[in-house]
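Spelled out, the chains give:
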Amino acid sequence: MERKIRKAAVLGSGVMGAGIAGHLANVGIPTYLLDIVPRELTEEESRKGLTLADPAVRNRIAQAGKERLMKEKPAPLYDKANIDLITVGNLEDHLHLLGDVDWIIEVVVENLDVKRKVLEQVEAHRKPGTIVSSNTSGVSINEMCEGRSDEFRAHFLGTHFFNPPRYLKLLEIIPGRDTDPAIVDFMMRFGEFVLGKGTVLCKDTPNFIANRIGTFGLQVSLQEMVRLGLGVDEVDALTGPVIGRPKSATFRTLDVVGLDTYVHVANNVKNKSRDEAEKAVFEVPAFVLKMVENGRLGQKSGQGFFKQVKSAEGKEILVLDYNTLEYRPRVKAKFPSLEAAKTAKTLPEKLKALVYGKDNGSQFLWSVFKRVLLYAAEKAYEIADDIVAVDKAMKWGFGWELGPFETWDAIGVEKSVARMKEEGEKIPALVEELLASGKTSFYQRNEGRVSAFAIGGTYKEVEEKKETINLAALKEQGKLIKKNAGAALIDLGDGVACLEFTSPHNALGVDVLQMASYAAEEVKRNFAGLVIGNQGKNFCVGMNLAMALMEAQDENWFELEMMVKNFHKVGEAFRAMGRPVVAAPHGMTLGGGVEVCFLADRVQASAETYMGLVEVGVGLLPGGGGTMEMLFRAMENVPEGGTVPVDPFPFVARAFETIAMAKVSTSGKEAISLGYLRPTDRISINQDHLLYDAKQLVLQMDREGFTPRRPRKIRVIGETGYATLRQNIYAMRIGGLISEHDELIASKIAYVMSGGSVPAGTEVSEQYILELERKAFLELIKTPKTQQRMQHMLAKGKPLRN
């Protein structure tokens, strides 16, 4: 019988425990969240007359963890309704519930004795065959399950999530000596296909893979900073996006993680290592220990390496001087190598400019990279089965764009090793073997297929599951049909093509619309259907705002009108081709990006899709059919067939509010409740599978006999509905909640969504509403205040309220 996880239990309701329970609820798994019983009443409980015997008191700690999920940002839940899948309890009254679940996850304090005691209790209550795992970040899996039965150990392993569990992709799977290989295989697949994670198989070594390499890198960064006399702010300028790392760089990351947690992780390696040199690296600097002692733990305590204070300008972020432990204003890092890197086009070029420069910033990065790369090569086969696992763990767990071995390839293995040898470094056997074999890179690419170097001097092809479609690899394999400066059409195989946006930020411009028109013709002739998707950071951030502003400032109204009409023509061409179109959005899907999805017959969205018609932020209304589509969807939701007709106004008002307030979904699932997606649209939990899932949906629609959507008609709320909306808008302006220009924009949206100057109940067509929408869009873009908003957004990256 195929194993399934239908119900789970999480033991421990702290930040990680509650987050894991929340993510299990995200994927539809009912979960028990249990924690310890409090030993004393709170003041509030005493005032209410509660006792230590009351369930509300006994479950208080787990209940607090559950309630936190509703308040935290970024939101741990795809949809707040998912909270109902979590049932709280405690570790004294509710252990019997463990007999009712298929997976038990221990997430208690990082203490071996405590974990052993909890697992002893778990074994007394679980049913045979239940998987038990620990979310430990570094405690030995084998030591943890000592004393447990053979059957328990066969079903026990480590499952190390990264914080926050919903958002960080990495899930480290750590088998013990006695773990059944079938359980390991199941959890690797379950993590990928059900939880949407990137699963990496690790060995049971201190801190496993990501924390082992990542903590080493952080320690080295601290040490090199002190050695070279750099500031915290300078190091963060050098170790963020410019080297392919997150914006939080080094010290902002430490503040988010928490310095107490960081010290614990570093000490874990130091205490378990038998290598004196390694122990020395993991020795936490005295100033960090002093910060922890003084309660400067980072974000959770309000101050760490950074501290936000009130200033004359509003708020200011100060940075720590680690010599005095006082805070000072931040200064801009000034290194010639950093400026050179910022102008380089590719990440390898940026890295070379930085590590081979001559200034202090270059010396810092060279020293950090050198030590981290040597350490990764030395430890690779101790902590993992291959270099691919190490690279994936660092990319998925720490947000590195390139893993250690990919980084080595980027800066040049031969050149860097020659310099390391000049500096007296010992080169690990893995690297010596690579160079001795006459090869100069850890990875090789051939027609889109990637092979990785392995011990023994051979390259092994990196296995890619069929569910992972790689557009760049398909292009290398000759699957590109056509491309221009902003988009490409690619053959996905099996009669399905993919329209890929390639413009900066995947913004919509003339090139994208031209390629979309070409795609409609090509798919009609030669394909069964079309996927609109890409593998950029975001699906589409909307129209090319700079281009639209330039046309507006030059008063090229005809060009702007044609741009809007051409967008509408693409929708007409898609419908005319008689083939299914599936949009596959992910990440930021804003403005015109949402309207692209509206052109499709179905949507296969990533769970991490943030959809919103945000045009009001730049003084406009959705002009590519977005206003029309939201109106028609609102009217579709009005119940029919009752004895008393249902008033459509509340449905239209809700859609109006979504546009006027520029609401953006926090997930693909929430996009359904906002009306950007339909209940019949689908969600891919694992974004790596998104294009495959979209392709399968196209093929399914084709098999089932696809028929294009016909033009629709609706009865509008008309002049009376508009008057009511207008009254509400006016009240908001009089109350000081919105500006006069906000009032104008909202009134234009209301006019379109009411159906214009017609009586309530008038039947109108899509084309009629599109004409109203286009006219309103052009009227707004002609106003100076809208152009000011557009200019401000381009310059500052945030809306102007004028």
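Residues numbered from 1 in each chain as written. Predicted model: local features only at pLDDT ≥ 70, side-chain atom pairs only at ≥ 80, totals over all residues. Heavy atoms only, no water.

A. Structural view of the pattern of salt bridges. All told, the structure shown has 55 salt bridges when counted by the stated rule. The partner of lysine 48 in a salt bridge is glutamate 44, with the nearest N and O atoms 3.4 Å apart. Linked by salt bridges that have partners in common, Glu629, Arg633, Glu636, Arg678, Arg712 and Glu766 make up one network. (Salt bridge = Lys/Arg side-chain N within 4 Å of Asp/Glu carboxyl O.)

B. The arrangement of the sheet that holds strand S9 (residues 306–311) in detail. The strand order S9-S10-S11 describes an open sheet built from 3 strands, whose pairing is antiparallel. At either end of the open sheet lies a strand with only one pairing partner, and these are S9 and strand S11 (326–329). Neighbour-to-neighbour, the strand axes of this sheet turn through a mean angle of 45°, independent of strand direction. Here strand S10 (residues 314–321) runs beside S11; their pairing, made up of 4 bridges, is antiparallel. Its bridge partner lying in S11, valine 319 is registered against arginine 328. (Pairing = 2+ DSSP bridges. Helix = DSSP H or I, 4+ residues; strand = E, 2+ residues; numbered from the N terminus. Axes fitted to C-alpha atoms, helices over the stretch in contact; angles between N-to-C directions.)

C. Seen up close, the packing of helix H15 (residues 336–343) against helix H16 (residues 347–355). At a minimum axis separation of 8 Å, H15 and H16 run at an interaxial angle of 170°. It follows that H15 is roughly antiparallel to H16 by the angle criterion. Contacts from Ser337, Leu338, Ala340, Ala341 and Lys342 of H15 reach H16 at Lys350, Ala353 and Leu354. Within the contact of H15 with H16, the residues separate by chemical class into 5 nonpolar, 1 polar and 2 charged. (Parallel < 35°, antiparallel > 145°, perpendicular 65-115°, else oblique. Contact = heavy atoms within 4.5 Å. Nonpolar A, V, L, I, M, F, W, Y, C, P; charged D, E, K, R; others polar.)

D. Region of interest: the pairing of strand S16 (residues 487–493). Most of S16 is tucked away, with 5 of its 7 residues classed as buried. Pairing of strand S15 (residues 480–483) with S16, which is carried by 3 bridges, proceeds in the antiparallel orientation. Within S16, the position partnered with leucine 480 by the bridge is isoleucine 490. Adjacent in sequence and paired antiparallel, S15 and S16 are bridged by 3 residues. Bridge count between S16 and strand S17 (residues 496–501): 6 bridges; the pairing is antiparallel. By the bridge assignment for S17, glycine 493 is matched with valine 496. (Buried < 20%, exposed > 50% of the residue type's maximum accessible area, 1.4 Å probe, protein only.)

E. Region of interest: the packing of aromatic side chains. Scanning the model with the defined rule gives 16 aromatic pairs in all. Considering the side-chain rings of tryptophan 408 and phenylalanine 442, the 5.7 Å spacing of their centres and the 45° angle between planes classify their relative orientation as tilted. Within this pair, whereas tryptophan 408 is found in helix H19 (residues 404–411), its partner phenylalanine 442 is found in the loop between helix H21 (429–436) and strand S12 (443–446), the two being separated by 34 residues in sequence. With respect to class, tryptophan 408 is no different from phenylalanine 442; both count as buried. By the ring-pair criterion, three or more aromatic residues cluster together here, those being Phe251, Phe287, Phe305 and Tyr322. (Phe/Tyr/Trp six-rings, centres within 6.5 Å; stacked < 30°, edge-to-face > 60°.)

F. Highlighting the pairing of strand S6 (residues 156–161). With 6 of 6 residues buried, S6 lies mostly within the body of the structure. Taking every second residue as pointing to the same face, both faces of S6 are buried, with Phe156, Gly158 and His160 on one and Leu157, Thr159 and Phe161 on the other. Inspection of the sheet shows S6 paired to strand S7 (residues 170–175) by 5 bridges, in the antiparallel sense. Paired with histidine 160 across the bridge in S7 is glutamate 172.

G. Layout of the sheet that holds strand S14 (residues 458–461). Strand order in this open sheet of 3 strands is S12-S13-S14, and the pairing throughout is antiparallel. If you trace the sheet from one side to the other, it starts and ends with S12 and S14, each paired once. For this sheet, the mean angle separating the axes of adjacent strands, direction not counted, is 35°. Across 4 bridges, the pairing between strand S13 (residues 449–454) and S14 is antiparallel. Paired with serine 451 across the bridge in S14 is glutamate 461.

H. Inspection of the packing of helix H17 (residues 360–383) against helix H20 (residues 413–422) at higher detail. Closest axis-to-axis distance for the H17/H20 pair is 12 Å, and the angle between their directions is 95°. The pairing of H17 with H20 is recorded here as roughly perpendicular in orientation. Between H17 and H20, the contacting residues are Gln363, Trp366, Lys370 and Leu374 on the first element and Ser416, Arg419 and Met420 on the second. The residue inventory of the contact of H17 with H20, partitioned by class, reads 3 nonpolar, 2 polar and 2 charged.

I. View of the nonpolar core. Core analysis: the largest hydrophobic core is formed by 111 residues, its most contacted members being Met225, Phe305, Phe405, Trp408 and Phe442. Ranked by residues supplied to this core, first place goes to H17 with 13 residues. The contacts of phenylalanine 405, once residues within four sequence positions are left out, are Ala376, Ala377, Ala380, Ile387, Val390, Asp391, Leu430, Phe442 and Tyr443. Leu508, Ala552, Ala600 and Phe651 belong to the second largest nonpolar core, which has 87 residues in total. (Core = buried A, V, L, I, M, F, W, Y, C linked by side-chain atoms within 4.5 Å.)

J. How the structure looks around the environment of leucine 499. With respect to the secondary-structure elements, leucine 499 resides in strand S17. Given a relative accessible area of 2%, leucine 499 falls into the buried group. With 35 residues separating them along the chain, leucine 499 and asparagine 534 place their C-alpha atoms 7.7 Å apart. Setting aside its immediate chain neighbours within four residues, leucine 499 contacts Ala487, Ala488, Leu489, Met515, Ala516, Leu530, Val531, Ile532, Gly533 and Phe574.

K. Quick peek at the environment of glutamate 447. Within the secondary structure layout, glutamate 447 lies in the loop between S12 and S13. Considering only alpha carbons, one finds glutamate 447 and glycine 478, 31 residues apart in sequence, at a separation of 8.2 Å. Leaving out residues up to four positions away in the same chain, glutamate 447 has contacts with Ala473, Glu476 and Gln477.

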